[in-house]
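# Topology and contacts: notes
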Amino acid sequence: MRVKISADSTCDLPATIIDKYDIGITPLYIIMDEKPYKDREEINVSDIFEYVESGKGITRSNAINISEYQEYFSKWSSDFDAIVHISISSHLSACNQSARIAAEDFDNVYIVDSLSLSTGSGHVVYNAAVMAESGMDAASIVAKLEALVPKVETSFVIGNLKYLRLGGRCSSLAALGANILKLNPCIGVIDGKMEVTKKYRGVFEKTILEYVEDRLKDRNDIDTKRIFVTYPPTTTDDLISMVIDKIKSLKDFEEIIPCQAGCVISNHCGPVCVGILFCRT
């Protein structure tokens, strides 16, 4: 059975994985100067940061609409026996709802709610792609993905709350207080929603290593097949190397995959942000 795996651009998977498994990517939009640009196709993360830091204004993200999903599914449905599409959490975007409505026009399109974002969704997409390549049928893939979704741990630490404040997700007073106190909040995705799970204090580079230890140390419920280290392009290579070394000192993962966050995620989290994303057993 030939099954096409597709996902919203918010899955943030590296191009090497997308190309290897021929994953279809449905791009969300970044609105800049009231004009829509497709995530990673017509705009990149550096464009967003340069625009915001210049003081020209703010950017915002927009979901994919129903008709666009219908176009994507129509393009693939004639060439494949089935399509399994994985969306960003339904609690964070209208994409899942729009995809489900669009799928009603097809008898071979399945929609999976990742209840996550960035490479948290990416874990689900990657697993789906491997299963599809092995020849597994769509219904079986969906069943396995729905069992996987609650096991994905998605979190990240933000070192600058400016972008959350500009996007209306954090008050100016809270952002000012965090900056004065050098607080770096850890955001976790729990039941599909973003919550502050801990507040680290101090230099960002130091708190990231503390965060990695908190997430991985002395745990026996972690699936060591794969872990993503996800970050904006403004992050230094030295910091990512430090994070990877820290991970290796705590857990023996088969794959440690460093990758850059896309426009939608970076639009909200800003240029100072690092997350490690993995699955539980």
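Refer to the structure above for everything that follows.
Let me sum up the structure you'll find in this document. The model shown is predicted, which means the values in this text are computed figures rather than measured ones.

### Description of the packing of aromatic side chains
- For the structure on display, the rule yields five aromatic pairs.
- With a centroid separation of 5.8 Å and an interplanar angle of 25°, the aromatic rings of tyrosine 69 and phenylalanine 73 are classed as stacked. Of this pair, tyrosine 69 and phenylalanine 73 both sit in helix 3 (residues 66–77), separated by four residues, roughly a single helical turn.
- Since its relative accessible area comes to 0%, tyrosine 69 is described here as buried.

### Structural notes on the packing of helix 5 (residues 118–133) against helix 6 (residues 138–148)
- The interhelical angle for the contact between helix 5 and helix 6, taken along N-to-C directions, is 150°, at an axis separation of 10 Å. In terms of orientation, helix 5 and helix 6 fall into the roughly antiparallel class. Like other packed secondary-structure pairs, helix 5 and helix 6 cross with a definite hand, here right-handed. Contacts between helix 5 and helix 6 involve His123, Val124, Asn127, Ala128, Met131 and Ala132 from the first element and Ile141, Lys144, Leu145 and Leu148 from the second.
- A breakdown of the residues in the contact of helix 5 with helix 6 according to their chemical character gives seven nonpolar, two polar and one charged.

### Describing the side chain of aspartate 8
- By the secondary structure assignment, aspartate 8 is in strand 1 (residues 3–8).
- As a buried residue without a salt bridge, aspartate 8 has its nearest oppositely charged side chain in arginine 100, at a separation of 10 Å.
- Here the side chain of aspartate 8 touches tyrosine 69 through a polar contact of 2.8 Å, side chain to side chain.
- Leaving out residues up to four positions away in the same chain, aspartate 8 has contacts with Ile25, Thr26, Leu28, Ile64, Tyr69, His85, Ile86, Ser87, Ile88 and Cys95.

Rules behind the numbers
- Residues numbered from 1 in each chain as written.
- Predicted model: local features only at pLDDT ≥ 70, side-chain atom pairs only at ≥ 80, totals over all residues.
- Heavy atoms only, no water.
- Phe/Tyr/Trp six-rings, centres within 6.5 Å; stacked < 30°, edge-to-face > 60°.
- Helix = DSSP H or I, 4+ residues; strand = E, 2+ residues; numbered from the N terminus.
- Buried < 20%, exposed > 50% of the residue type's maximum accessible area, 1.4 Å probe, protein only.
- Axes fitted to C-alpha atoms, helices over the stretch in contact; angles between N-to-C directions.
- Parallel < 35°, antiparallel > 145°, perpendicular 65-115°, else oblique.
- Left-handed = near helix turned anticlockwise from the far one by under 90°.
- Contact = heavy atoms within 4.5 Å.
- Nonpolar A, V, L, I, M, F, W, Y, C, P; charged D, E, K, R; others polar.
- Lys, Arg positive; Asp, Glu negative; His and termini not counted.
- Salt bridge = Lys/Arg side-chain N within 4 Å of Asp/Glu carboxyl O.
- Polar contact = N/O pair within 3.5 Å; in protein donor to acceptor, adjacent residues only side chain to side chain.

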